[in-house]
Amino acid sequence: MKSEELFNEAKNYLPGGVDSPVRAYKPYPFFAKHAKGSKLFDIDGNVYIDYCLAYGPLVLGHANYRIMKDVKKQLELGSAYGVPTEKEVELAKTVIKKVPCAEMVRFVNSGTEATMSAIRLARAATGKKKIIKFEGSYHGAHDYVLVKSGSGAVGLPDSPGVPEETTQNTILTPFNDEESLNALIKKEGNEIAAIIVEPIMGNIGCIPPKEGYLKFLRQITEENNIILIFDEVITGFRIAEGGAQEYFGVTPDLVTLGKILGGGFPMGALAGKKELMEMIAPSGSVYQAGTFNGNPISVTAGLSMLKQLDHRFYAEMDKKGNVLRKGIQDILDDADLNFNLAGLSSMFQIYFTKEEVYDYSSAKSADTEKFDQYFHYLLKNGLFLPPSQFECCFLSLAHDESDTQKTLEVINSALSSIR
Ligand code: PLP
């Protein structure tokens, strides 16, 4: 197996053989050769229907024709200028048109940079230090938020190297639990600069908010001079044109974006109310900068992506998601398996637990060994999912009926061997 050999070699040069921890799974990950549409091809000649889709950005599938065409054209014109471009303004206008809370945008290079900068801005705006995040939410790999943070870091509550002083300012609370948050705000509300939340938790599987929960967050933050940050790095442009804030009808003060925004190229953004965004340098004094911020390749890809995401796209994605989830639910019901199927729109995950899953603790009741068996069975039979129970699976527009049919057949036989 070439992938096995390459992984053994890679371990000498890349920590753990990979460039991001969740990519390493036992016994070895397959190495990609190329990809097109819903399919990922490895260096050993295997083909997989891809439900990982690079952890979310590829809503139109791999190597989308229009994005590739536009990017190729831009490549001929240069890949980085260090001066502003017309396309950045066009992309900012597109984001502002689509996303309800966005009145101004700063483009950065990743979701991690976006959340780091949004938190800094919230602290500057409120003159307060502490932030609240939810157990199991992931907002990137920087120090402010690396506490009980989702799939990659589950089991490593804090990373060595993160100073205690930093995480002391990051307070954890369970998602979907109004009582706990009320008590927390009562005690420490005066010191809280921001609440940062994934409106649908996508880094501990897939956990939607309970009815009214996001409205509750909006209200309690408004009442206590706390900035509400929706981290829509996953949900932005995925579940509706305006993301989760449009879908659930709740407008935060700031939003962080990434993944889909870059059309398959590295990109992130923070956006929000003008009075806040104007505090960012150079119009204000909150420092944020980046050599590749708003680079023409990512901006071109992002524009090309967003132009293709209209209301028909969202209707189609909902339909595809519903068909697949119904198929999986029927399999679970027919086999009398009470495992929990979670998801909405183009997001889904099976939790190998019979408990209702609504937060980090209930998600952790899932049997990860069973998930592992399921993952490997699917992999062997040509389906690739993120290799963790605590990640979310994604669909793209390129996934067609034959993909769904094969997927359901394989899941059916996988689940009949896992009880
Ligand atoms: N926020 C959320 C909700 C994410 O899912 C991720 C990455 O998966 C990030 C932030 C960090 O984004 P990036 O990996 O682009 O730094």
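To be clear, the structure that these remarks concern was listed above.
Source: prediction; values computed, not measured.

As for the environment of Thr170
Logical step 1: Summarising the element assignment, Thr170 is placed in strand E6 (residues 170-173).
Logical step 2: Considering only alpha carbons, one finds Thr170 and Ala335, 165 residues apart in sequence, at a separation of 43 Å.
Logical step 3: Apart from the residues lying within four places of it in its own chain, the contact partners of Thr170 are Ile131, Lys133, Tyr144 and Val147.
Logical step 4: At 2.6 Å, the side chain of Thr170 forms a polar contact with the backbone oxygen of Tyr144.

Observations regarding the pairing of strand E5 (residues 130-134)
Logical step 1: Most of E5 sits inside the fold, with five of its five residues counted as buried.
Logical step 2: By the alternation rule, side chains of E5 split into Lys130, Ile132 and Phe134 and Ile131 and Lys133, which are all buried.
Logical step 3: Where E5 and strand E7 (residues 192-197) come together, four bridges link them in parallel fashion. The residue bridging Ile131 from the neighbouring strand is Ala194, located in E7.
Logical step 4: Two elements, E5 and E6, share four bridges in a ladder whose sense is parallel. From the neighbouring strand, Ile131 faces E6, where its bridge partner is Thr170.

Some remarks on the pattern of salt bridges
Logical step 1: Inspection of every chain in the model, using the stated rule, returns 14 salt bridges.
Logical step 2: Between Lys39 and Asp403 there is a salt bridge, with the nearest N and O atoms lying 2.9 Å from each other. Of this pair, Lys39 sits in strand E2 (residues 39-42) while Asp403 sits in helix H15 (residues 401-416), and the two are 364 residues apart along the sequence.
Logical step 3: Residue Asp403 is classed as buried on the basis of its relative accessible area, which comes to 2%.
Logical step 4: Here Arg218 and Glu222 are joined by a salt bridge, their closest N and O atoms 3.5 Å apart. Taken together, the residues span about one helical turn, with Arg218 and Glu222 both in helix H8 (residues 213-223) at a distance of four residues.
Logical step 5: Linked through salt bridges whose partners overlap, the residues forming this network are Lys130, Lys187, Glu188 and Glu191.

The rules we used
- Residues numbered from 1 in each chain as written.
- Predicted model: local features only at pLDDT ≥ 70, side-chain atom pairs only at ≥ 80, totals over all residues.
- Heavy atoms only, no water.
- Helix = DSSP H or I, 4+ residues; strand = E, 2+ residues; numbered from the N terminus.
- Contact = heavy atoms within 4.5 Å.
- Polar contact = N/O pair within 3.5 Å; in protein donor to acceptor, adjacent residues only side chain to side chain.
- Buried < 20%, exposed > 50% of the residue type's maximum accessible area, 1.4 Å probe, protein only.
- Pairing = 2+ DSSP bridges.
- Salt bridge = Lys/Arg side-chain N within 4 Å of Asp/Glu carboxyl O.

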